[in-house]
Every structure is written in structure tokens, then in C-alpha cells.
Amino acid sequence: MVRVLVDGVSKKYGNTYALRDVSMKADDGALVCILGPSGSGKSTLLRIIAGLIHPDKGRVYFDDNDVVNLPTWKRNVGFVFQNIALFPHLTVYENIAFGLKLRKLPKDEVDRRVKEMLKLIKLEGYEKRKPRELSGGEAQRVAIARALVINPSVLLFDEPLGHLDAKLREELKFEIRRIVKETGKTSLYVTHDQSEAFAIADYIYVINKGVIEQGGTPIELYESPKSPFVAEFIGSTNFLKGKVIEVDKANNIVKASVGSIEIHALARADLKASESILIGIRPEDILVSKHIDEEYLRKELLANILAGRLVRKLFVGPYLRLEVDIGVEEPIKADVYGDRRYEYLNIEPGDEVYIAFNKPIVFKR
């Protein structure tokens, strides 16, 4: 296995930057996700690491070796694409063995490695099946085995679950993490799906318009996003436009006005009075109640308590979404999970309610 380092990579198509001064790393044995919307440059970055595209500027290192001018076949990478592209006329065994036969390995060595891969992907007994006899998830596991059997230094995934239905994606993302971790391969995984990245990755880079917005563990990105884009892209967020009234540096709290409403939020070191800010509040961090119990809420440290009116109630299976008008530009979204969903059966649109939340995130505008 190797450590992958991308240093100051840029790539332009005409006058448009696909990547602009991108730097990132994947430590030995780590599973790193490159997460971003369509057109953000994530697949271009992966193809530069693979050697399929040459950057206009910057370097790519495998350990201490600069590979930017090496062709793909000399980099020893395994690549798993969104389109599975198994050879339809070959069996599962023959598909997995294909790369080994090109390398002219002895027959017994080919057989040993293929059987190891079939055990790893839990498809023992499928050796003689053709791709048309496999489910989408099984076919993708064969594609992963084909990439792994050559013992690559680095394993690259480009939206490998994009073509599968929701149920298969949910199952296979955990299988991919298991397979990668059992082999110990340094892996880079491109996706536009936040839940997929969070389930799979040790570390995530969020990319937008060819620029890395933030890197961090899933918890770091979710709890401490550095920009409104990151906050919104990795999870639903309510944004309120406000202005700083006062900064309490001793308690790390900022008091802000949003129209006629006053909100307390987490302070930033660089905030000053009268600055324009965005206040971000996660829907799952908001408590909605028909009756206010200030003593309970204060005890729970839910410092912001605001009156409003329920606009909409939507049952979305795992959670109940409540939308509350508190007199700002857009209704506030609040999500309720688990058994608490059923506590809201007696609250209907038009009812007066209260929302309570604590320590929202602040961004400069």
C-alpha cells in the first residue's frame, strides 16, 4: 500500500477550471472520499490520480514517488467505474482472472488469487455464472474483485453505486468498506451522495467548482462545517440572514438579530458587532412544541425559544418534517425521528407552536 499526495493540481478546459490548486492526501490504508455535486471536478481529480488525465499544473505522489508523468499501467492502480463493464461472454471466474492472465501469471497462482477474491466478495460458487446471471450488486462486487486481484497499490472508485437502486446502494456501500478494510488498500472513492460518503469514509474532502472547500472526518464536517455550501451539502440546514448585536468572547456566544428576532449562536473569533452573518440550524436539532416549558428547555440548554405557526407536516418514513413560520423569509424545517414522531399527531397546520434550539453555527456573509 502507499500514501497518495496531490499537491497543487489544476486542470482547465478552455477558459474553465475543472480543478483549481487542489491539494489532498490519502494515508496508507485509508479510505478517503471525494464528495461533491455533479460538475464539481471530483471525477477529473480521480482520473488525474489514475493517470487517465494529465494536469496542467501540480504533482501527484505515491509515497515519495512523483507519478504525474507515469502512464496508468505503471502506477499499479485498480479502478472501479460506475458502469460495471464486465465482459459479457466471460464467466465470473474469467472476468476476475482477466488481468492476471494478461500478466502471464502461472495457472495455479491465477486460480489461488481468484478463489481468494471470490471468498472476499462472498460469491463462492458463482465461478461459472455469466454477468447476465448476476444482480447489479453481485456484478459490482465482481468488478471490485477484478480491480483487487492484481494487487494494486491504490484502489480508485468512481461513483460505483450510481447505477444501483436505493436498496442495493444501501447494502453495497457497507460491503465496499468491509472489502477495502479487509485488504488494507489505500482507496479513494468519488461520490455525490453524502450518506454514502459518511458510511464508507475515514476522511472526506468536499469539493465545489474545482476547489476543495473542506476536509475532515464525517463528524468534523457535520459538526463544524466551514462554509454554507458544506453545511448544506452534507445535510439539510436552515439558514437565517442576521446581523451581530454583541459578541460574548468569554462564553463563546454571539447575540444576533434576524429581523425582529434575537438569536444566540456559537461565536467565531473573527466576528464583530454589526457584521452580516448567516445562522445555520440543523432540522434535527430543533424541538417543536405546542406548549412551552421554559424550565425544561433551559435545563436542556436550548437557549433559543421562538413562537411560530405550523405551516406543513410531512411524514417521510424515518422522520417527520415540520415546517414552522417564525416570521422570517422561509419556514423553519424541523425533523423528528423515532417514537417522538407520534407525539405530533395532535399538531396540525395553522396551530401556534414554539421552536427551541441551541448553539447554531454562524457564517460570515
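In the block above lies the structure referred to throughout.
In this report, the structure presented in the accompanying data block is examined. Small disclaimer: the values here were computed from a predicted structure and weren't measured.

### Here we look at the overall build of the protein
In step 1: Across its full length, the protein carries ten helices and 20 strands.
In step 2: Taking all 365 residues of the protein together, the buried fraction comes to 48%.
In step 3: The contacts of the protein with a sequence gap of at least 6 include a subset with a gap of at least 24, amounting to 66%.
In step 4: Put simply, the protein shows about 18100 Å² of open surface, and 50% of that area lies on carbon and sulfur atoms.
In step 5: Mean positive and mean negative side-chain charge positions of the protein (55 and 52 charges, respectively) differ by 6 Å.

### Notes on the sheet that holds strand β10 (residues 211–216)
The pairing of strands in a sheet happens through backbone hydrogen bonds and is either parallel or antiparallel.
In step 1: Read from one edge of the open sheet, six strands run β6-β7-β8-β3-β9-β10, paired in mixed fashion. The open sheet is flanked by β6 (77–80) and β10, the only strands paired with a single partner. Across the sheet, the mean angle separating the axes of adjacent strands is 20° when strand polarity is ignored.
In step 2: Bridge count between β6 and strand β7 (residues 154–158): four bridges; the pairing is parallel. Counted as the bridge partner of V80 is F157 from β7.
In step 3: Contacting β3 (31–35), β6, β7, β8 (186–191) and β9 (203–208), helix α1 (residues 42–50) crosses the sheet at an angle of about 155° to β7.
In step 4: This element, helix α5 (residues 136–148), spans β6 and β7 of the sheet and lies at about 170° to β6.

### Observations regarding the pairing of strand β1 (residues 4–13)
In step 1: Inspection of the sheet shows β1 paired to strand β4 (residues 57–62) by five bridges, in the antiparallel sense. From the neighbouring strand, V6 faces β4, where its bridge partner is V60.
In step 2: Note: β1 against strand β2 (residues 16–26), seven bridges, orientation antiparallel. Among the inter-strand pairings, V9 is bridged to a residue of β2, identified as V22.
In step 3: Counting the residues in the hairpin turn of β1 and β2 gives two residues, including G14, whose phi is positive at 70°.

### A short note on the pairing of β10
In step 1: Pairing of β9 with β10, which is carried by five bridges, proceeds in the antiparallel orientation. Each residue of the ladder has a partner; that of Y205, found in β10, is G215.
In step 2: From the end of β9 to the start of β10, which pair antiparallel, there are two residues, and K209 there has a positive phi angle of about 50°.

### Let's talk about the nonpolar core
Across soluble globular proteins, nonpolar side chains show a tendency to be buried alongside one another.
In step 1: Core analysis: the largest hydrophobic core is formed by 46 residues, its most contacted members being I96, V114, V142, F157, I176, Y189 and I204.
In step 2: Among the elements of the structure, β3, α3 (92–102), α4 (107–120), α5, β7, α6 (166–183), α7 (194–200) and β9 are those that each provide at least two residues to this core.
In step 3: The element contributing the most residues to this core is α5, with seven residues.
In step 4: With near-sequence residues (within four places) excluded, I176 lies in contact with I144, F157, P160, L161 and Y189.
In step 5: The next biggest cluster of nonpolar side chains, apart from the first, holds 31 residues, and it includes I261, L306, L310 and I326.

### Details of the environment of K115
In step 1: Within the secondary structure, K115 is located in helix α4.
In step 2: Separated by 50 residues in the primary sequence, K115 and N65 place their C-alpha atoms 32 Å from one another.

### Quick word on the packing of α5 against α6
In step 1: Between α5 and α6, the shortest axis-to-axis distance is 11 Å and the interhelical angle comes to 20°. For the element pair α5 / α6, the angle class is roughly parallel. When you trace α5 past α6, the crossing you get is right-handed. Counted together, G136, G137, Q140, R141, I144 and L148 of α5 and L168, L172, E175, I176, I179 and T183 of α6 form the full contact between these two elements.
In step 2: Considered class by class, the residues forming the contact of α5 with α6 number six nonpolar, four polar and two charged.

What counts and how
Residues numbered from 1 in each chain as written. Predicted model: local features only at pLDDT ≥ 70, side-chain atom pairs only at ≥ 80, totals over all residues. Heavy atoms only, no water. Helix = DSSP H or I, 4+ residues; strand = E, 2+ residues; numbered from the N terminus. Buried < 20%, exposed > 50% of the residue type's maximum accessible area, 1.4 Å probe, protein only. Contact = heavy atoms within 4.5 Å. Areas by Shrake-Rupley, 256 points an atom, 1.4 Å probe, with all protein chains shown as cover. Lys, Arg positive; Asp, Glu negative; His and termini not counted. Charge placed at Lys NZ, Arg CZ, Asp CG, Glu CD. Pairing = 2+ DSSP bridges. Axes fitted to C-alpha atoms, helices over the stretch in contact; angles between N-to-C directions. Core = buried A, V, L, I, M, F, W, Y, C linked by side-chain atoms within 4.5 Å. Parallel < 35°, antiparallel > 145°, perpendicular 65-115°, else oblique. Left-handed = near helix turned anticlockwise from the far one by under 90°. Nonpolar A, V, L, I, M, F, W, Y, C, P; charged D, E, K, R; others polar.

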